[in-house]
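Below are the chains, spelled out letter by letter.
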Amino acid sequence: MTRPDDLSAPTLPDGSTAATTPRLTPVQARPIAHALAGRLEPGPPGGTSAWTVTGEPPLVEVAVGSGRHGTVRYVRLRPQE
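None of these values were measured; they are calculated from a predicted model.

Rules used throughout
Residues numbered from 1 in each chain as written. Predicted model: local features only at pLDDT ≥ 70, side-chain atom pairs only at ≥ 80, totals over all residues. Heavy atoms only, no water. Helix = DSSP H or I, 4+ residues; strand = E, 2+ residues; numbered from the N terminus. Buried < 20%, exposed > 50% of the residue type's maximum accessible area, 1.4 Å probe, protein only. Contact = heavy atoms within 4.5 Å. Areas by Shrake-Rupley, 256 points an atom, 1.4 Å probe, with all protein chains shown as cover. Salt bridge = Lys/Arg side-chain N within 4 Å of Asp/Glu carboxyl O. pLDDT = per-residue confidence, 0-100.

Quick look at the overall build of the protein
- Across its full length, the protein carries 1 helix and 4 strands.
- Ordered by position in the sequence, the α and β elements of the protein form the string α-β-β-β-β.
- Here the protein holds 81 residues, and the buried ones make up 17% of them.
- Restricting to contacts in the protein with at least 6 residues of sequence separation, those with at least 24 account for 29%.
- Only carbon and sulfur atoms are counted for the fraction: they give 55% of the accessible area of the protein, which is about 6,300 Å².

This is the structure in structure tokens:
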């Protein structure tokens, strides 16, 4: 099994989908990997995502750039409320 570059394009709170996915540093990726440990299953064949999160997905805070491309930057993993 190979490590995916991303899970899927992020869906933002306003319902839109980001056109890009943020690249994570190892320090940023560690808490996300911990939150998803044991909760990933292969996505459907021909789907848009290589992986599917089982259960409630973690809430990740991102910042969306105002430029033409709307680059998404990872901010932090929000605590479960």
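So, the pattern of salt bridges
- On inspection of all chains with the given rule, the structure shows 2 salt bridges.
- For Glu61, the salt bridge goes to Arg76, with nearest N and O atoms at 2.8 Å. Here Glu61, found in strand S3 (residues 60–64), pairs with Arg76, found in strand S4 (residues 72–77); they are 15 residues apart in sequence, far enough to count as distant.
- Residue classification places Glu61 among the partly exposed positions, given a relative accessible area of 24%.
- The class for Arg76 is partly exposed, based on a relative accessible area of 40%.

Let's talk about the confidence of the model for the protein
- In the predicted model, the protein carries a mean pLDDT of 75, and 72% of its residues have values of at least 70.
- Element-level pLDDT for the protein is lowest in S3, with a mean of 79, against a maximum mean of 87 in helix H1 (residues 26–36).

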